[in-house]
Number of protein chains: 2
Amino acid sequence: MFATCKTGLGLKQSIEQTSAYLESHHTHTTQVHNTTHPNTKQQKIHSIPPPRLLGRLPDCAIHQILLFLAMEGGDTTSNGGGEWLRPMDTEQLRECGHRMVDFVADYYKSIESFPVLSQPGYLKELLPDSAPRQPDTLDSLFNDIRQKIIPGVTHWQSPNYFAYYPSNSSTAGFLGEMLSAAFNIVGFSWITSPAATELEVIVLDWFAKMLQLPSQFLSNALGGGVIQGTASEAVLVALLAARDRALKKHGKQSLEKLVVYASDQTHSALQKACQIAGIFSENFRVVIADCDNNYAVSPEAVSEALSMDLSSGLIPFFICATVGTTSSSAVDPLPELGQIAKAHDMWFHIDAAYAGSACICPEYRHHLNGVEEADSFNMNAHKWFLTNFDCSLLWVKASQANSVVDFKDWQIPLGRRFRSLKLWMVLRLYGVENLQSYIRKHICLAKHFEQLLMSDSRFEVLSGKFVLRFAVGAPLTEEQHVDAAWKLLQNEASKVLGSM
Amino acid sequence: MFATCKTGLGLKQSIEQTSAYLESHHTHTTQVHNTTHPNTKQQKIHSIPPPRLLGRLPDCAIHQILLFLAMEGGDTTSNGGGEWLRPMDTEQLRECGHRMVDFVADYYKSIESFPVLSQPGYLKELLPDSAPRQPDTLDSLFNDIRQKIIPGVTHWQSPNYFAYYPSNSSTAGFLGEMLSAAFNIVGFSWITSPAATELEVIVLDWFAKMLQLPSQFLSNALGGGVIQGTASEAVLVALLAARDRALKKHGKQSLEKLVVYASDQTHSALQKACQIAGIFSENFRVVIADCDNNYAVSPEAVSEALSMDLSSGLIPFFICATVGTTSSSAVDPLPELGQIAKAHDMWFHIDAAYAGSACICPEYRHHLNGVEEADSFNMNAHKWFLTNFDCSLLWVKASQANSVVDFKDWQIPLGRRFRSLKLWMVLRLYGVENLQSYIRKHICLAKHFEQLLMSDSRFEVLSGKFVLRFAVGAPLTEEQHVDAAWKLLQNEASKVLGSM
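Calculation notes
Residues numbered from 1 in each chain as written. Chains lettered and ligands numbered in written order. Predicted model: local features only at pLDDT ≥ 70, side-chain atom pairs only at ≥ 80, totals over all residues. Heavy atoms only, no water. Patch = residues over 30% accessible without salt bridge, like charges linked within 9 Å, V, L, I, M, F, W, Y side chains within 5 Å. Areas by Shrake-Rupley, 256 points an atom, 1.4 Å probe, with all protein chains shown as cover. Salt bridge = Lys/Arg side-chain N within 4 Å of Asp/Glu carboxyl O. Helix = DSSP H or I, 4+ residues; strand = E, 2+ residues; numbered from the N terminus. Buried < 20%, exposed > 50% of the residue type's maximum accessible area, 1.4 Å probe, protein only. Domains from an automatic or database assignment. Contact = heavy atoms within 4.5 Å. Buried area = accessible area lost by both parts, 1.4 Å probe. Polar contact = N/O pair within 3.5 Å; in protein donor to acceptor, adjacent residues only side chain to side chain. Nonpolar A, V, L, I, M, F, W, Y, C, P; charged D, E, K, R; others polar. Phe/Tyr/Trp six-rings, centres within 6.5 Å; stacked < 30°, edge-to-face > 60°. Pairing = 2+ DSSP bridges. Axes fitted to C-alpha atoms, helices over the stretch in contact; angles between N-to-C directions. Least-squares fit on C-alpha atoms with pLDDT ≥ 70 in both. UniProt positions renumbered as here; feature names shortened; annotations may be inferred. Expected span 1.5 Å × (residues − 1). Disulfide = S-S within 2.5 Å.

### So, a nonpolar patch on the surface
On the surface, a cluster of nonpolar side chains totalling about 230 Å² of accessible area is made up of A:Ile191, B:Leu117 and B:Tyr164. Structurally, the position occupied by B:Leu117 is in the loop between helix H4 (90-110) and helix H5 (138-149). Residue classification places B:Leu117 among the partly exposed positions, given a relative accessible area of 36%.

Now the structure itself:
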C-alpha cells in the first residue's frame, strides 16, 4: 500500500515495463550472482541502469526488482532444457528443490521493493483457458510466477505490511512445511502415522505450559490440545461439542432454544460457526462492547441479556470471550464471564487467536487470568508466532479418555497434515526466550508508533472513534518501516487537512 | 507392512541398533556424497559393512538406512555451529532450505528400505516435557528427525504402500507447497491476495474441462470450483447449502424432518457432515448396496426408502452418490440417482474423491456420465493426482453471482492457504498427457496384480466376501513392488493353509 503510494505506478504496469525493458536489454546480462545455489547456474543482471519509467522508485528497489525478474532466465539445466519432470525422481526433486529455495530466498531478499498491495482482476487474460497437454519447463514456470503470479500477490511477509493481522513465515516454519510436504502423510488416526499424533500431543503440552494453561488442558489429564486449520474451525468444534452436550441434556428438539453470547467485537467466525451448527440466528446474542470500557464486553450486560432469555424459556449454552479482538486488541473480562458460564452450566470458550502469542511473556500472561474456568481455549500460532499458516491451537478440558488419540474425532475434516512438525521446529530452533524477545520487539515497535503519533498534534490516540488500525507483527518489520509508514500517514494527513 | 514382515525387526529396534552400530564405527566415515548440495558439507558413510543384527534386510537396504542415518552428522555450517536461526534472514533461509532439500531427497532415495508401517507409542519418552528455553541447532534437529520422528512415520510415499488410498507427493506438488509456504498469504477474500483467488478459479476451470464436467460448473456460468481441504469439508459444504435451501423452503423448524440418502459404501464423511449440520441421526438413510451389483447402490432401493419417508411426512433433501467407493471402488448409478433427486427437488452431490482422477482418461470418463444432473461434485487431487495434501476440489452449479469471488464464503474456515499454486504447477510441469499415462500405469499395475492372483488357484477375485484390499497408487510404485507384495501374500497364504 505504502509502496504503491510512493511509486505512483501499479506493480502490473511496472512489471510489464520492466519486462519490456529487460527484453530489449537482454544482452546486458553479465554477472553470475554468487549467493545462489551453484547447480542452478542462474544468470543475474547487475549492470542495467534503472529505466526512466520507474524513476520514482528508489534506485535500490528497482535494482532488486530487476534482479528478481531477470533471475534464471538463462538457465540451461536439464529441466530447463525440456526434459519433463518425473513425479518422484529423487535427483530431479533435489535439483528443482534447490532452485525453488533460491527462488524463495531471492523473493524475500527483494520483498521490500514490492508494493504490499497488489493489482486486481488481471490473471484470466494472462493464462490459457485450459491445462497444457504437454509439460512446460521449470524455467517457464518460474517466469510465469514472476511475471503473472507475483504482481497479484499481496505481500503479507513484507516488513511494510500493517494490515489485518500478521501471518508469520519464518525459516523454521518454512523448513517444517517442506518436511511435512515431503512425508505427505494423512494423519487422520493415530495408526496412519503415529509420530504425527504423538508429536502433536507433546508439542501442544509444551505450548500449554508456555502459556501456563491450567493442568486440565494437558494430555495427562482428561483434556489435551489439537492443531486445527484455523480459529474458525477451533471455535466451530467447541460450539458443536457444547451444542451436543446441551441437546443431550435438554432433548434434541431443543435446538431452537439454544442461545450463544458474545460481544460485537467477537470475530465473525463465531457467527459462521453458529450458522453451520444450526443455531437460530435470532438466538445469537451480540452484546455491545462499550468504547468506555476499551471495547471489552461488560459482564453485567451479558448477565442482563441472559436473564431475559431465561425468562423467555430459552437455553443459554455458550459464551465466547476474546483475548485480543481483531479490531482493537480488546480483552474481555475472563473471570467474570467464566463465573456466569459456570453458574448456568454453559460452555465457556476463549478465543485468543491474535493476542495469545503475547501471553508467553510473563508480563502479559495476566491477560489470560480466568482461563481456569474455560472449557476450551484457542490461539493461532500462524498469526504472530513464526509458524506458517495453518496452525491454530485448540485445547479442551474434557475429551474422550481413549488410550490412543484419533485426531479425526477432534476436528471437522477427516484428513490432516503433519502440522506439528513446523510448530516443533519453531520451538526447537528459536527457543522460548528468543520467541519472547520477538514478541517484545513488535510491542516496542507499536509503542514507538504510538510515540510518533503523539508527537504530532494533528493525531490523537483515541477509542470510540473511527481510527487508523495499524498492526505491527510482520517478521521483517523494523523501526525504519514503522517510520516510513508514519511519514506516509503524515503526508496524507497534510493533504487531507490542506484540502479542508 | 510388507517390509516389516520381510525384516522381522521393528524400525525402532533397527534404528536403535543401527545408531548404536554407527556410534561404535564412526571412524569409518570416509566419503563425501557428491549429489548433495556442496554448501552443506555432508559426510556420508559408504564403507561400513552391514551389521549382523540386521542380517535379514537386503544389503542395499541397510546401506541406504546407514547412509540416511549418518547424513550431516559432521556438519559444521554456521547454524550447525550454534549461531541461532534468525526468523527471516534471507541467507540463513537459503542455506537451511538447501539442507532441507537434500534431507528430503535423501529420504526419498532411501524410502524403500524403511518398513511402511511404523512403531507405536514411543515418542513421549524420547522428547523433553517442555519447550527449550534456548534454541537448538539445525544439526540436532535433523538428528532428532531421523532418530525419533522417522521411526514413527508411516511411509505413505513408499512404493510398497498399498493401504487406505494413495496420498501422492511429487516434485511439482512439493515445489508448490514450498512456494505457497513462502508467500504465506491468507487468501480468505479476493483482496487479501488477488492472484490466489484468480488462479484458483482458472485452475478449477481447467480441471473441470479435463473431466468434461457440464458447463454449469465453470466460473463463467453461475457456478464454479473451489479448493477445500478435504472431501469431508466438500461434502459438508454441499450438505449445508442443501440444508439451508430446504429450510428456506420448508421453514426453519423443519430440520427434524430432513432426510439424507446414501449407500452403506458411502464414505463416513457424510455421516460426520450430517452430525455437524444437525441432521437427526434417524434421518440418515443408509441404503444397503448389494454385492451382486458390485456394491453400487440400487436406484430402486433408494426410491423405495424415499417413498416411505414421504408417506411418513418427512422431507427427502439430499442424495450423495459415490464414484469409486473407498472399500471397493464401486460406482453408483449417477443418471438414475440424478433423476430421483430432480423429481423430488433434492440436492444431488457426487463424491468422486478417490476415483475421480481416472476420469481425465477418455476410456474411464463414462463413470461420470450423469454428472449433468448433479448440484455439486468433488474429487481429491491430493489422492491420486500427484498434488500434495491438502487439495480437495469441489464444484457447484449455483453460487452467488458476485463480480468478485470471496472463497471464505465457500468453505468452513475463514483463512486459507494458496493451494491453487501446487495444482497449477502439477498441471503445468506434467501436462495432461503425462498425467493420463500416470493413471494408466497404476491401473495396469493393478491388473498385473489381478493376473498374479488369478494364476494362483488358492486365491479368487471375488465380491461379496471378506477380501484383501490392495490399493495401487503410490507415485514410486513399480511392477517389482507389486510382485514383492504378491510374494508376501503367497507366503502368508501358504502359512495359513499349512496350519489348517
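### Details of the domain arrangement of chain A
All names here are of chain A. Looking at chain A, the domain boundaries give domain 1 (2-155), domain 2 (176-428) and domain 3 (432-498). Centre-to-centre, using C-alpha coordinates, domain 2 lies 30 Å away from domain 3. At the junction of the two partners, domain 2 supplies 19 residues and domain 3 supplies 16 residues. A combined buried area of about 1400 Å² lies between domain 2 and domain 3, and 65% of that area is made up of carbon and sulfur atoms. The interface formed by domain 2 and domain 3 includes 3 residue pairs in polar contact (both at pLDDT 80 or more). Broken down by class, the residue content of the side of domain 2 that touches domain 3 amounts to 14 nonpolar, 4 polar and 1 charged.

### Details of the packing of aromatic side chains
Residue and element names in this part refer to chain B. On inspection of all chains with the given rule, the structure shows 37 aromatic pairs over all chains. With a centroid separation of 4.7 Å and 20° between ring planes, the pair formed by phenylalanine 103 and phenylalanine 142 is classed as stacked. One end of the pair, phenylalanine 103, is in helix H4; the other, phenylalanine 142, is in helix H5, with 39 residues separating them in the sequence. Residue classification places phenylalanine 142 among the buried positions, given a relative accessible area of 0%. A ring pair is formed by phenylalanine 162 and phenylalanine 470, whose centres lie 4.2 Å apart and whose planes are at 20°; its orientation type is stacked.

### Describing the sheet that holds strand S7 (residues 392-396) of chain A
Residue and element names in this part refer to chain A. Strand order in this open sheet of 7 strands is S1-S7-S6-S5-S4-S2-S3, and the pairing throughout is mixed. Two strands in the sheet have a free side with no partner beyond their single neighbour: strand S1 (224-228) and strand S3 (284-287). Averaged over all pairs of adjacent strands, the angle between strand axes in this sheet comes to 20°, irrespective of strand direction. Two elements, strand S6 (residues 376-380) and S7, share 5 bridges in a ladder whose sense is antiparallel. From the neighbouring strand, asparagine 378 faces S7, where its bridge partner is leucine 394.

### With respect to the relation of the copies chain B and chain A
Superposing chain B onto chain A takes a rotation of 180° combined with a translation of 0.0 Å along the rotation axis, leaving an RMSD of 0.0 Å. In short, the pair behaves as if placed about a two-fold rotation axis. When you check the interface residues of chain B against chain A, 100% turn up at the interface there too, and the contact is symmetric in its surfaces.

### Re the environment of B:Val101
Locating B:Val101 in the fold gives a position in helix H4. Excluding residues that lie within four positions of it along the chain, B:Val101 makes contacts with A:Leu93, A:Arg94, A:Gly97, A:His98, A:Val101, A:Met178 and B:Met178.

### Structural notes on the pattern of salt bridges
Residues and elements named next belong to chain B. In total, this model carries 52 salt bridges over all chains according to the counting rule given. Note that glutamate 177 is salt-bridged to arginine 417, the shortest N-O span being 2.9 Å. With glutamate 177 in helix H6 (residues 171-183) and arginine 417 in the loop between strand S7 (392-396) and helix H13 (420-454), the pair connects residues that are 240 residues apart, well separated along the chain. We classify glutamate 177 as buried; its relative accessible area is 3%. In this structure, glutamate 363 and arginine 440 form a salt bridge, with 2.6 Å as the shortest nitrogen-oxygen distance. With a gap of 77 residues between them, glutamate 363 in the loop between strand S5 (347-351) and strand S6 (376-380) and arginine 440 in helix H13 connect regions that are remote in the sequence.

### Thoughts on the UniProt feature "modified residue: N6-(pyridoxal phosphate)lysine" (unreviewed entry) in chain A
All names here are of chain A. As annotated in UniProt, the feature "modified residue: N6-(pyridoxal phosphate)lysine" (unreviewed entry) corresponds to Lys383 in the numbering used here. Positionally, lysine 383 belongs in helix H12 (residues 381-384). With relative accessibility at 9%, the residue lysine 383 sits in the buried group. Not counting chain neighbours up to four residues away, the residues in contact with lysine 383 comprise Tyr165, Pro166, Ser167, Asn168, Ala353 and Tyr354.

### Notes on the sheet that holds strand S3 (residues 284-287) of chain B
Whether parallel or antiparallel, the strands of a sheet pair through hydrogen bonds between backbone atoms. Residues and elements named next belong to chain B. An order of S1-S7-S6-S5-S4-S2-S3 is seen for the 7 strands of this open sheet, with the pairing classed as mixed. For this open sheet the edge positions go to strand S1 (224-228) and S3, each flanked by a neighbour on one side alone. Across the sheet, the mean angle separating the axes of adjacent strands is 20° when strand polarity is ignored. One ladder, built from 4 bridges, connects strand S2 (residues 258-263) with strand S4 (residues 315-322); its direction is parallel.

### Section: helix H7 (residues 194-210) of chain A
Residues and elements named next belong to chain A. Its 17 residues place the ends of H7 24 Å apart at the C-alpha level, agreeing with the 24 Å of an ideal helix rising 1.5 Å per residue. Counting buried positions over the 17 residues of H7 gives 16, a clear majority of the element. Following H7 by one or two positions, glutamine 212 has its phi on the positive side, about 50°.

### Overview of the side chain of B:Asn378
Residues and elements named next belong to chain B. Positionally, asparagine 378 belongs in strand S6. A relative accessible area of 0% places asparagine 378 in the buried class. In this structure the side chain of asparagine 378 is engaged in a polar contact, spanning 3.2 Å, whose partner is the side chain of aspartate 351. Not counting the four nearest positions on each side in its chain, asparagine 378 is found in contact with Ala231, Ala234, Val235, His349, Ile350, Asp351, Ala352, Ala353, Ser392, Leu393 and Leu394.

### What about the interface of chain B and chain A?
Counting from both sides, the interface comprises 138 residues of chain B and, opposite them, 138 residues of chain A. Around 12500 Å² of area is buried between chain B and chain A when both sides are counted, 65% of it from carbon and sulfur atoms. It is B:Met88, B:Arg94 and B:Arg428 in chain B that bury the most area against chain A; as a group they hold 6% of the surface buried on that side. The interface formed by chain B and chain A contains 16 salt bridges. The residue B:Lys252 makes a salt bridge to A:Glu282 at a minimum N-O spacing of 2.6 Å. The interface formed by chain B and chain A holds 71 residue pairs in polar contact (both at pLDDT 80 or more) in total. Broken down by secondary-structure element, the contributors of at least two residues to the side of chain B that touches chain A are H4, H5, H6, helix H7 (194-210), helix H8 (231-250), helix H9 (268-277) and H13 of chain B. Here the element with the most residues in the side of chain B that touches chain A is H4(B); it accounts for 18 residues.

### What to know about the state of the cysteines
As enumerated under the stated definition, the model contains 0 disulfides over all chains in all. For the unlinked cysteine B:Cys274, the closest cysteine sulfur is that of B:Cys320, found at 9.1 Å.

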